[in-house]
Amino acid sequence: MTAGLNLAQQEAVNYLHGPCLVLAGAGSGKTRVITHKIARLIQAGLEPRRIAAITFTNKAAAEMRERAKGLIGRDARHVVICTFHALGVRLMREDGAALGLKPQFSILDSDDVTSLLKDCGGTTDAATARHWQWTISLWKNQGLNAEKALAQARDEDERQTAVIMARYEERLSAYQSVDFDDLIGLPLKLLADFPEVRAKWQAALGHVLVDEYQDTNATQYEVLRHLVGERGRFTAVGDDDQSIYGWRGATLDNLKKLPQDFPKLKVIKLEQNYRSTSAILRAANNVIGPNPKLFPKTLFSELGEGEPVRVVDADHEEHEAERAVARIRSLQASARDKEFRDFAILYRANHMAKVFEQALRRANIPYKVSGGQSFFDRAEIRDLCAWFRLWINNDDDPAFLRAVTTPKRGIGHQTLQSLGNFAGQYRLSLFEALFSHSLPGVLGARVVGSLHEFGRYVNELQYRARHTHGAEGARAFLADWLKDIGYEKHLLDSDDNDKVAAARWSNVLEFCDWMAGRCGGQIDDGADSALGAAGPPQGANAPSGGSEPRAAGSVGARSLLEVAQTISLLSTLSEREQDQNVVTLSTLHAAKGLEWPHVMLVGVNEGLLPFKLGDEDGEPGATPADDVLQRLQEERRLMYVGITRAQRTLAVSWTKRRKKGREVVPARPSRFIAEMALNPATVKEDPREKLKALRAEFARKAQDALSAKV
Ligand code: ATP
Ligand code: MG
């Protein structure tokens, strides 16, 4: 279990009976400690199901499970490896009844929450609803409910949000639904307020391991504290220099609290980086240097100096993308790691991906965009998928709520609230409740009639979808259905901007066409490989091409219901990016914990990374205000995270001009480029600049020769 671990790692892995914190820089093998420690705990006799390893994303969990499987084999199946949210779901499924939740409670995604808040606040404006959503989420993460939030409100805006939050909470409980924040907040309530639940979980879990501990928030910390109890059998690993979720409520206080709450805490530091060359590591250490240190640490690498870090300046975004493609091509020609999967292009904000996607498509280079909005995350596609989900699984309450209200069909919230109460009382799903004989006792005849009509319509669609085969049939079915429910009109009515509505409608048509193609057997999607390198259609406002259907006739025609089933699975599994041989495009946030042989950090400009700090008028280097300083420090950590994803080569690029709305404005390199303190001799020039210099030199020499002759 300790093969392939250095002494400090071994110490962390072998420390089994008390609280342990591994605090170390990027690439020092913290995640490796967690996987090996799982194996070690099992070897020491702890049953696999009594071990919980908590990761930051589902994808990280899947990866950790794979690695654990490599170390311990089938036993890994029983280890609880998941995110805090998934663990929360488990706690609530088992013990949520104490809070009045039925076990099949529904989880609303962020989109569902926005539309619910629109209704609670009586607005159609999504931006306003999202503002409430954001504030409510922060409050929930601080452990505040509507009542407490109202008591603490500092201004009218906060008071209004708290009032809306109260309505929102009522609706959630009536619908037997929870949001993502509840997946942490409610388990905490269970553990804190119900001693028997707490005792049960403390006894059930013999050891809890937490990766990326620096990005936990206050509520998650409390959950951890209750889960491990006074015995404190846990291992947390983290790096204060990589804390990049402060904006979402993560707090470094959790690192400071550990030694106070667990006086026996063993702190282990790892100093050797096994990921990056010295050149890359030096740039990383230089960048993070100016940030205040919570825990001082030094990192070294024995992988040799390696290639110098490159700085690339481009004229504008398209040029930057072309240079990234050129770099991939030239490294493929010369480097050792030349598979597409060995490359990553990382940027600060989602919208920056587009030009790189276009350039990669032109060059026929396969890629995936991770951490961004996938086609299936678009509101209009999610609307349609909600209907599909309901055809497939009548018990999917959020799908029911979305379908019954999208487009609106005169079934109001009062009705749904009563239906939700009724369903909760009799432990039925909303769909089951709708056909219950006792429902007319609770709701008026007209309302029950509308509900029945909806229920029958869903049943009919379900039946027809099951019996619709072939592309033509599917196309006609989908067109009829969209017409029946008036979806195009709904899009036009819900957006003030006609262009946006038209683009959405065109996404819908493209999506239906794509589905119909699958019913015709045009595309062999095997088990569930529909999100392969080619990916789903990219939407009306995304570049087209590159996602050609595979050869026709590879599989037989399938029913629309079967196709819909695969799609709804995909829409709920957005994290499923298996090991495809494609270039990764990712935000810096989504790149946390990962590594690639070749990394390109792009758009490293002032105003992007660091992101707008609100001090644009001030020169970099001027003393910023406190909150600006804090944000600058978080941006610097983000740059540090980006640099330290690279194993063998790193290029950092910026553009001299950038698009800002419709204008093109001059742009500056990020201050972080200077902070990397690269040796100027190793900074590669723009080839055109080099050419210019050569020409100038040539002209000078010619001039010299000429004057010598004269
Ligand atoms: P991050 O801070 O980015 O999350 P980390 O500290 O979790 O990084 P790991 O991802 O665990 O680091 O390890 C980084 C790389 O170094 C991985 O490829 C891992 O396999 C390798 N590695 C870690 N420890 C050792 C070791 N003792 N010997 C050889 N390779 C190691
Ligand atoms: Mg890690």
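Q: It is not clear to me how the overall build of the protein chain should be interpreted in this structure. Could you clarify?
A: When helices and strands are counted, the protein chain shows 27 helices and 18 strands. By residue count, 52% of the 710 residues in the protein chain fall in the buried class. Look at the contacts in the protein chain between residues 6 or more apart in sequence, and 79% of them connect residues 24 or more apart. Total accessible area on the protein chain stands at roughly 32,300 Å², and carbon and sulfur atoms take up 51% of it.

Q: Which parts of the structure should I look at to understand the site of ligand 1?
A: For ligand 1, the set of nearby residues contains 19 residues, the closest of which are Lys30, Thr31, Arg32, Gln242 and Glu595. At 2.8 Å, a side-chain N or O of Gln242 approaches an oxygen atom of ligand 1. Here an oxygen atom of ligand 1 sits 2.8 Å away from a polar atom, N or O, in the side chain of Arg645. Within the complex, 85% of the 630 Å² of free accessible area of ligand 1 lies under protein. Tallying contributions element by element places helix α2 (residues 30-43) first for the shell around ligand 1, with 3 residues.

Q: Before we go on, may I ask you to explain the packing of aromatic side chains in this structure?
A: Two descriptors summarise a pair of aromatic rings, namely the distance from one centre to the other and the angle between the planes of the rings. Tallied over the entire structure, the rule returns 14 aromatic pairs. Look at Phe56 and Tyr245: their rings are 4.9 Å apart centre to centre, the planes differ by 45 degrees, and that puts the pair in the tilted class. Note that Phe56 is positioned in the loop between β2 (51-55) and α3 (58-72) and Tyr245 in the loop between β7 (234-238) and α12 (253-261), a separation of 189 residues in sequence. The structure contains a cluster of three or more aromatic residues connected by ring pairs, namely Trp387, Phe388, Trp391, Phe400, Phe431, Phe435, Phe454, Tyr457, Phe477, Trp481 and Phe511. Here the basic side chain of Lys266 rests over the ring of Tyr15, its NZ or CZ set 5.4 Å away from the ring centre. The cationic tip of Lys592 hangs over the ring face of Phe56; the distance from NZ or CZ to the ring centre is 3.5 Å.

Q: Would you explain the environment of Thr298 in this entry?
A: Tracing the sequence through the fold places Thr298 in the loop between α13 (278-288) and β10 (300-301). Sequence spacing of Thr298 and Gly25 is 273 residues, and the spatial spacing of their C-alpha atoms is 7.9 Å.

Q: Honestly, the nonpolar core in this entry has me stumped. Any pointers?
A: Note that soluble globular proteins tend to have their nonpolar side chains buried in a common cluster. One finds Trp387, Phe388, Trp391, Phe400, Phe454, Trp481 and Met515 to be the most contacted residues of the largest nonpolar core, which totals 52 residues. Those residues in contact with Trp391, other than ones at most four positions away along the chain, are Val458, Leu461, Gln462, Ala465, Phe477, Trp481 and Leu561. The next biggest cluster of nonpolar side chains, apart from the first, holds 39 residues, and it includes Ala284, Leu594, Tyr640 and Leu678.

Q: What exactly am I supposed to notice about helix α9 (residues 182-193) here?
A: Owing to its 3.6 residues per turn, the α-helix aligns residues three or four sequence positions apart on the same side. Here α9 is 12 residues long and its end C-alpha atoms lie 15 Å apart, about the 16 Å a rise of 1.5 Å per residue gives. Residues of α9 that are buried include every one of Asp182, Leu183, Ile184, Pro187, Leu188, Leu190 and Leu191, and no others.

Q: When you look at the pattern of salt bridges in this model, what are you seeing that I'm missing?
A: In the structure shown here, the tally under the stated rule is 33 salt bridges. Among the salt bridges present, the one from Asp179 reaches Lys140, with a minimum N-O distance of 2.9 Å. One end of the pair, Asp179, is in the loop between β5 (177-178) and α9; the other, Lys140, is in helix α6 (residues 126-141), with 39 residues separating them in the sequence. A relative accessible area of 4% places Asp179 in the buried class. The buried category is assigned to Lys140, whose relative accessible area is 11%. Beyond isolated ion pairs, a larger network of salt bridges with shared partners links Arg90, Glu94, Asp95 and Lys200.

Q: Looking at this model, I keep getting lost on the pairing of strand β3 (residues 80-83). Mind explaining?
A: Moving residue by residue along a regular strand, the side chains alternate between the two faces of the sheet. Bridging between β2 and β3 involves 4 bridges; their strand directions are parallel. Pairing of Ile54 across the sheet is with Cys82, part of β3.

Q: Explain the sheet that holds strand β8 (residues 266-270) to me, please; I cannot follow it from the model alone.
A: Whenever strands of a sheet pair, they do so through backbone hydrogen bonds, lying parallel or antiparallel. Here 6 strands make up an open sheet; going across it, the order is β3-β2-β6-β7-β1-β8 and the pairing parallel. Strand pairing shows two members of the sheet lacking a second neighbour, β3 and β8, which therefore form its edges. On average, each strand axis in the sheet is inclined to that of its neighbour by 15 degrees, with strand direction left out of account. Of the strand pairs in this sheet, strand β1 (residues 20-24) and β8 are connected by 5 bridges, and their pairing is parallel. The partner of Cys20 across the bridge, within β8, is Lys266. Its contacts with the sheet place helix α1 (residues 7-14) against β1 and β8, and it is angled at close to 150 degrees to β8. Each of β1, β2, β3, β6 (207-210), β7 and β8 is contacted by α2, which is oriented at about 165 degrees to β6, the strand it contacts most.

Q: So what exactly am I meant to see when it comes to the sheet that holds strand β15 (residues 596-601) here?
A: Strand order in the open sheet made by the 6 strands is β11-β16-β15-β12-β14-β13, with parallel pairing throughout. Both edges of this open sheet fall to β11 (310-314) and β13 (367-370), since each of them pairs with a single strand only. Ignoring strand direction, the axes of neighbouring strands in this sheet form an average angle of 20 degrees. Bridge count for strand β12 (residues 343-347) against strand β14 (residues 583-587) is 4 bridges, and the pairing is parallel. In the sheet register, Tyr347 faces β14, and the bridge partner there is Thr587. Packing against the sheet, helix α14 (residues 317-334) makes contact with β11, β12, β14, β15 and β16 (646-655), and its axis sits at approximately 155 degrees to β16.

Q: Can you help me understand the packing of helix α10 (residues 195-204) against helix α11 (residues 218-228) in this one?
A: Packed helix pairs are characterised by how far apart their axes lie and by the angle those axes make with each other. Where α10 contacts α11, the two axes come as close as 7 Å, and the packing angle between them is 75 degrees. On the basis of their axis angle, the class for α10 and α11 is roughly perpendicular. Side by side, α10 and α11 meet where Arg198, Trp201 and Gln202 of the first sit next to His226, Leu227 and Val228 of the second. Each residue belonging to the contact of α10 with α11 can be placed in one class, and the counts come to 3 nonpolar, 2 polar and 1 charged.

Q: Is there a simple way to think about α11 in this case?
A: Burial analysis of α11 places 8 of its 11 residues in the buried class, which makes it a mostly covered element. Turning to α11, its buried residues are Thr219, Gln220, Tyr221, Val223, Leu224, His226, Leu227 and Val228. Between the side-chain oxygen at the start of α11 and the backbone nitrogen of Thr219 there is a gap of 3.1 Å, and the oxygen is on Asn217.

Q: Which parts of the structure should I look at to understand the layout of surface pockets?
A: Empty space among the atoms becomes apparent when a probe as large as a water molecule is rolled across them. Approximately 700 Å³ is the volume attributed to the second largest pocket. Lining the second largest pocket are 24 residues, and of these Asn145, Asp182, Gly185, Leu186 and Lys189 lie nearest its centre. Elements supplying a minimum of two residues to the lining of the second largest pocket: α8 (156-174), β5 and α9. If you tally residues by element for the lining of the second largest pocket, the top one is α9, at 7 residues.

Q: How do you make sense of the packing of helix α16 (residues 379-392) against helix α21 (residues 471-485) when you look at a structure like this?
A: Across the interface, α16 lies against α21 with an axial gap of 13 Å and an inter-helix angle of 105 degrees. The angle between α16 and α21 places the two elements in the roughly perpendicular class. Each of Leu384, Trp387, Phe388 and Trp391 in α16 lies in contact with α21, whose residues at this interface are Phe477, Leu478, Trp481, Leu482 and Ile485. Of the residues that constitute the contact of α16 with α21, the class distribution is 9 nonpolar, no polar and no charged.

Q: Looking at this model, I keep getting lost on the confidence of the model for the protein chain. Mind explaining?
A: A low pLDDT means the predicted coordinates there should not be read in detail. Summing up the model confidence of the protein chain, the mean pLDDT is 84 and the portion of residues at 70 or higher is 85%. Here residues 522-556 scores under 50 on pLDDT; set against residues more than four positions off or in separate chains, the count is 73 contacts. Per-residue pLDDT stays below 50 along residues 571-577; that stretch engages in 14 contacts with residues further than four places along the chain or on separate chains.

Cut-offs and rules
Residues numbered from 1 in each chain as written. Chains lettered and ligands numbered in written order. Predicted model: local features only at pLDDT ≥ 70, side-chain atom pairs only at ≥ 80, totals over all residues. Heavy atoms only, no water. Helix = DSSP H or I, 4+ residues; strand = E, 2+ residues; numbered from the N terminus. Buried < 20%, exposed > 50% of the residue type's maximum accessible area, 1.4 Å probe, protein only. Contact = heavy atoms within 4.5 Å. Areas by Shrake-Rupley, 256 points an atom, 1.4 Å probe, with all protein chains shown as cover. Near = heavy atom within 4 Å. Polar contact = N/O pair within 3.5 Å; in protein donor to acceptor, adjacent residues only side chain to side chain. Phe/Tyr/Trp six-rings, centres within 6.5 Å; stacked < 30°, edge-to-face > 60°. Lys NZ or Arg CZ within 6 Å of the ring centre and 35° of its normal. Core = buried A, V, L, I, M, F, W, Y, C linked by side-chain atoms within 4.5 Å. Expected span 1.5 Å × (residues − 1). Salt bridge = Lys/Arg side-chain N within 4 Å of Asp/Glu carboxyl O. Pairing = 2+ DSSP bridges. Axes fitted to C-alpha atoms, helices over the stretch in contact; angles between N-to-C directions. Parallel < 35°, antiparallel > 145°, perpendicular 65-115°, else oblique. Nonpolar A, V, L, I, M, F, W, Y, C, P; charged D, E, K, R; others polar. 1 Å grid on protein atoms, 1.4 Å probe; cavity = no way out; pocket = protein on both sides within 12 Å on 5 of 7 lines; lining within 4 Å. Points joined across faces, edges and corners; volume = space filled by probe spheres on them. pLDDT = per-residue confidence, 0-100.

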